[in-house]
Amino acid sequence: MKSINPVTNSVIKEYPEHSSTKIKSIIELVHHDWSSWKETTLESRLPFFKNAANILRERKASFARLITEEMGKIIRESLSEIEKCANACDYYAENAKALLKDQVIPSDASRSLITFQPLGIILAVMPWNFPFWQVFRFAAPTLVAGNAAVLKHASNVPGCATAIEEVFRNAGFPENLFRTLMIPSSEVKTVIANPKIAAVTLTGSELAGSEVAAVAGKHIKKTLLELGGSDAFIILEDADMEKAVKTAITARMINQGQSCIAAKRFIVVDSRKDEFEMRLKQALQSLRIGDPIDPLTDIGPLARIDIAVEIHKQVQQSITLGARLILGGNPETHQSCYYPPTLISDITKGMAVYSEETFGPVFAIIPVKDEKEAIKVANDSAFGLGGSIWTKNLQKGEAIARKIETGAVFVNGLTKSDPRLPFGGIKRSGYGRELGEIGIHEFVNIKTIWIG
């Protein structure tokens, strides 16, 4: 496993892959520690999560630098990612008792209730784009509920994977309750088949999700999939344009556009299109491209060269079919991971940026005549993860939000994940929910107890 700096394309460090014997040994060790962890009281588990939050904050600078060096995120976003992980640990330490409390349900019994009990070892197949947050988003609720975890992280962030394992160990969790497997994707099916693996969660591509779900289904194991997205950013006639443009920059440029819930399709009513294009172009031209370690940098590299090549291919295909290039679209070299902020408009159905997920800093503007057409275009997607609506009429915004076919819709706000709210998608964006009360119940045995 090679950790490669996307700025220099140089190898940071190499990590040996785990053999099949080593994989089995790790799973056995995790199962052993889970056998005692599941018997602990919820109350006794909570301090460990406070410890983890403290470690994350104490070592924030070094963890953030590790993220930036391995996958290119600008340093201030890496720092924010670590803080978000710490906040999640705090949230579950403070709220798990309420979220996992027995629910007494009146029935024909003298007493009947629902209780939430751990399932066992959960395999997490995680991506590189938020290498700490994606893991903690899964791990905090999963472990506090009494489960154990093994992580198969993306192959380009092995340093982050080992650092996360150390956080849990240093926080006082049982030594083998959370372990990292240094394995290629081809070995995931073998891990799923292991009888000590109870369930699987995956955040990644549609292809990876379908393959994992197929294998897990064969072995009758639950899966949770958070896959791609092509979120709509709808600007209606009465939108606060200054706020919408400012948020659009953040919503698209976070992590250099490499986010499932990044705004990707900017659906703008005709009466506001010219203004939106002008304001957006001006704002994008002020962004600074540079070394992601530099705190003044606004735009760093994409994580890998092949991602830059793919996004350029999507842009060029759309221009060939009639899209209007307003800004960017010309990388300095095809040997670089850097791709400039790109603004293209007059997008129509059939163009790559209309229907495909674009994992990079590309703003695709789709003009529509009114809100009815905006809803139609927003829903004309194979994906259904998130989206946002911009209007000063909050009642109208909520009414439209109810018609958008996604797992989340934000009115006049940035689409984001929050430990207090369930997160996930529909259609080809996957199924199941992370975070919030619903998320913590995904990997527990929801048991009914009936007493006559």
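These numbers were taken from a predicted model, which means no experiment stands behind them.

Conventions adopted
Residues numbered from 1 in each chain as written. Predicted model: local features only at pLDDT ≥ 70, side-chain atom pairs only at ≥ 80, totals over all residues. Heavy atoms only, no water. 1 Å grid on protein atoms, 1.4 Å probe; cavity = no way out; pocket = protein on both sides within 12 Å on 5 of 7 lines; lining within 4 Å. Points joined across faces, edges and corners; volume = space filled by probe spheres on them. Helix = DSSP H or I, 4+ residues; strand = E, 2+ residues; numbered from the N terminus. Nonpolar A, V, L, I, M, F, W, Y, C, P; charged D, E, K, R; others polar. Pairing = 2+ DSSP bridges. Contact = heavy atoms within 4.5 Å. Axes fitted to C-alpha atoms, helices over the stretch in contact; angles between N-to-C directions. Core = buried A, V, L, I, M, F, W, Y, C linked by side-chain atoms within 4.5 Å. Buried < 20%, exposed > 50% of the residue type's maximum accessible area, 1.4 Å probe, protein only. Phe/Tyr/Trp six-rings, centres within 6.5 Å; stacked < 30°, edge-to-face > 60°. Lys NZ or Arg CZ within 6 Å of the ring centre and 35° of its normal.

### Points about empty space enclosed by the protein
Leftover empty space is mapped by rolling, across the atoms, a probe with the size of a water molecule. Under the definition given, this model contains five cavities of 30 Å³ or more. Its boundaries defined by the atoms lining it, the largest cavity holds a volume of some 90 Å³. For the largest cavity, the lining is made up of 14 residues, of which Phe 138, Pro 141, Thr 142, Gly 439 and Phe 443 are closest to its centre. At the level of secondary structure, the elements contributing two or more residues to the lining of the largest cavity comprise α5 (133-144) and α15 (436-440). Among the elements that take part in the lining of the largest cavity, α5 stands out by supplying four residues, more than any other. When its residues are assigned to classes, the lining of the largest cavity shows six nonpolar, four polar and four charged. In this structure, the second largest cavity occupies an estimated 50 Å³ of space.

### Re the sheet that holds strand β11 (residues 263-269)
Taken in spatial order, the seven strands make up an open sheet running β12-β13-β14-β11-β10-β16-β17, and their pairing is mixed. Of all strands in the sheet, those with a lone pairing partner are β12 (324-327) and β17 (410-411), marking the two edges. Sitting on the sheet, helix α13 (residues 371-379) is in contact with β10 (231-235), β11 and β14 (362-368), with an inclination near 160 degrees to β11.

### Let's talk about the nonpolar core
Leu 56, Phe 132 and Phe 178 are the most contacted members of the largest nonpolar core, which totals 117 residues. Examining the composition of this core, we find that 10 residues originate from one element, helix α4 (residues 75-99), more than from any other. Those residues in contact with Phe 178, other than ones at most four positions away along the chain, are Val 135, Phe 138, Ala 139, Leu 143, Ala 149, Leu 151, Ile 164, Glu 165 and Phe 168. By size, the runner-up hydrophobic cluster in this structure holds 23 residues, among which are Ala 248, Ala 251, Leu 343 and Phe 363.

### Side note on the packing of aromatic side chains
For the structure on display, the rule yields 15 aromatic pairs. A centroid spacing of 5.0 Å and a plane angle of 85 degrees characterise the contact between Tyr 91 and Tyr 92, whose relative ring orientation is edge-to-face. Relative to Phe 168, the ring of Phe 136 lies with its centre 5.1 Å away and its plane at 25 degrees, an arrangement referred to as stacked. One end of the pair, Phe 136, is in helix α5; the other, Phe 168, is in helix α6 (residues 158-170), with 32 residues separating them in the sequence. Both residues of the pair, Phe 136 and Phe 168, count as buried. Aromatic rings pair up to connect Trp 37, Phe 48, Phe 49, Phe 63, Phe 132, Phe 136, Phe 168, Phe 173 and Phe 178 into one cluster. One residue, Lys 73, lies across the ring of Phe 130, its end atom 4.0 Å from the ring centre. Here the basic side chain of Lys 222 rests over the ring of Phe 443, its NZ or CZ set 5.9 Å away from the ring centre.

Shape descriptors only; they carry no functional weight alone.
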